[in-house]
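# Examination of the molecular architecture
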Amino acid sequence: MHDPVAYSRHQLAPWDIESAWSSADPWMEHGDQQSWRASPGRGSTVTTNTQLNLLPQWRALVDQIEHHARLAWPTLSPAEFRDRAEDLYVSDMWCNYTDPGQPSCPVHTHINPLAACYYPEGKDSMGPLILAGQEVSIEPRDILIIFPGTTSHWVGVNQSQERRRVVACNISLQGVNNQVFAPLAQVMTGTPSFTAWA
């Protein structure tokens, strides 16, 4: 039996992802995401520009995520930073989409204090989020899951007949270097760590 994994579930207000998704801006290349996208075992998942949080058409979603991150912070934060909820902000954000029958991201972690995934469709058959080896339901639609970024996480095969879409982000603290959270990383032995993304 596993110990319970720390995470928080939030129902977001409906958001017009189609308008933002259809913009050309999210498909700009950014940083080293190209190398991850092309890595073995990546399947047909495509990753967008990782700075969607800076684009105006994504601002309404960023505002919702930051609001819910502050609500979740008291139960997910390290004790020494518990009074810093107002300093949380989305530091980077991207979209992944994965075709039916394809795997998504391998197990990894970040060094940000929080990470979050938003599921506009919200169907477990598309591949539940797996936190430290435990499956977390992504139903119903418009669900946001927030968890410590230092928790190992990944997604399995998309077993639905639809393209799986997820908006993922890292959440940081103003004025705090993310390296202070690095010792908390919980990556499984023998699996890759992507802490450099943070």
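Further up the page is the structure itself.
Here is a short report on the structure shown in this document. (Residues numbered from 1 in each chain as written. Predicted model: local features only at pLDDT ≥ 70, side-chain atom pairs only at ≥ 80, totals over all residues. Heavy atoms only, no water.)

## What about the pairing of strand 1 (residues 8-11)?
Residues Ser8 and His10 of strand 1 are buried on one face, while the alternating residues Arg9 and Gln11, pointing to the opposite face, are not. Sheet topology note: the strand 1/strand 7 (residues 143-147) ladder contains four bridges and is antiparallel. Each residue of the ladder has a partner; that of Ser8, found in strand 7, is Ile146. (Buried < 20%, exposed > 50% of the residue type's maximum accessible area, 1.4 Å probe, protein only. Helix = DSSP H or I, 4+ residues; strand = E, 2+ residues; numbered from the N terminus. Pairing = 2+ DSSP bridges.)

## Examining the pairing of strand 7
Burial within strand 7 is extensive, with five of its five residues counted as buried. With burial as the criterion, each face of strand 7 is covered, one bearing Ile143, Ile145 and Phe147 and the other bearing Leu144 and Ile146.

## Comments concerning the nonpolar core
Within the largest apolar cluster, 33 residues are counted, with the highest numbers of intra-cluster contacts made by Trp58, Ile65, Met93 and Ile171. Listed by contribution, the elements that provide at least two residues to this core are helix 1 (17-21), helix 3 (59-76), strand 3 (88-98), strand 4 (114-119), strand 7 and strand 9 (164-173). It is helix 3 that provides the largest number of residues to this core, a total of seven residues. Setting aside anything within four residues of it in sequence, one finds Met93 in contact with Asn49, Thr50, Gln51, Leu52, Asn53, Trp58, Val62, Ile65, Val167, Ala168 and Cys169. Membership of the second largest hydrophobic core comes to 16 residues, among which are Trp94, Tyr119, Leu131 and Ile138. (Core = buried A, V, L, I, M, F, W, Y, C linked by side-chain atoms within 4.5 Å. Contact = heavy atoms within 4.5 Å.)

## What to know about the packing of aromatic side chains
Following the criterion strictly, the structure yields three aromatic pairs and no others. Each ring, one from Trp15 and one from Trp58, has its centre 5.2 Å from the other, and the planes form 45°; the classification is tilted. Taken together, the positions of Trp15 in the loop between strand 1 and helix 1 and Trp58 in the loop between strand 2 (46-47) and helix 3 put the pair 43 residues apart, joining distant regions of the chain. You'll find Trp15 and Trp58 in the same group, each marked buried. Measuring from centroid to centroid gives 6.4 Å for Trp15 and Tyr118, while their planes differ by 75°, and the two rings are edge-to-face. With a gap of 103 residues between them, Trp15 in the loop between strand 1 and helix 1 and Tyr118 in strand 4 connect regions that are remote in the sequence. What makes Trp15 buried here is its relative accessible area of 13%. The buried category is assigned to Tyr118, whose relative accessible area is 0%. A connected cluster of aromatic rings, assembled from ring pairs, spans Trp15, Trp58 and Tyr118. (Phe/Tyr/Trp six-rings, centres within 6.5 Å; stacked < 30°, edge-to-face > 60°.)

## A few points about unusual backbone geometry
Across the junction of Glu139 and Pro140, the peptide omega takes the value -5°, indicating a cis bond. Relative to the elements of secondary structure, Pro140 occurs in the loop between strand 6 (134-136) and strand 7. Phi at Ala132 is positive, roughly 50°, even though this residue is not glycine. Among the structural elements, Ala132 can be located in the loop between strand 5 (129-131) and strand 6.

## Observations regarding the sheet that holds strand 5
In spatial order, the strands read 6-5-8; together these three strands make up an open sheet with antiparallel pairing. Of all the strands in the sheet, the pair left with one neighbour each is strand 6 and strand 8 (153-155). Strand-to-strand twist of the sheet, defined as the mean angle between neighbouring strand axes without regard to direction, takes the value 35°. Here three bridges tie strand 5 to strand 8, and the two strands are oriented antiparallel to one another. Its bridge partner being in strand 8, Leu131 is matched across the sheet by His153. (Axes fitted to C-alpha atoms, helices over the stretch in contact; angles between N-to-C directions.)

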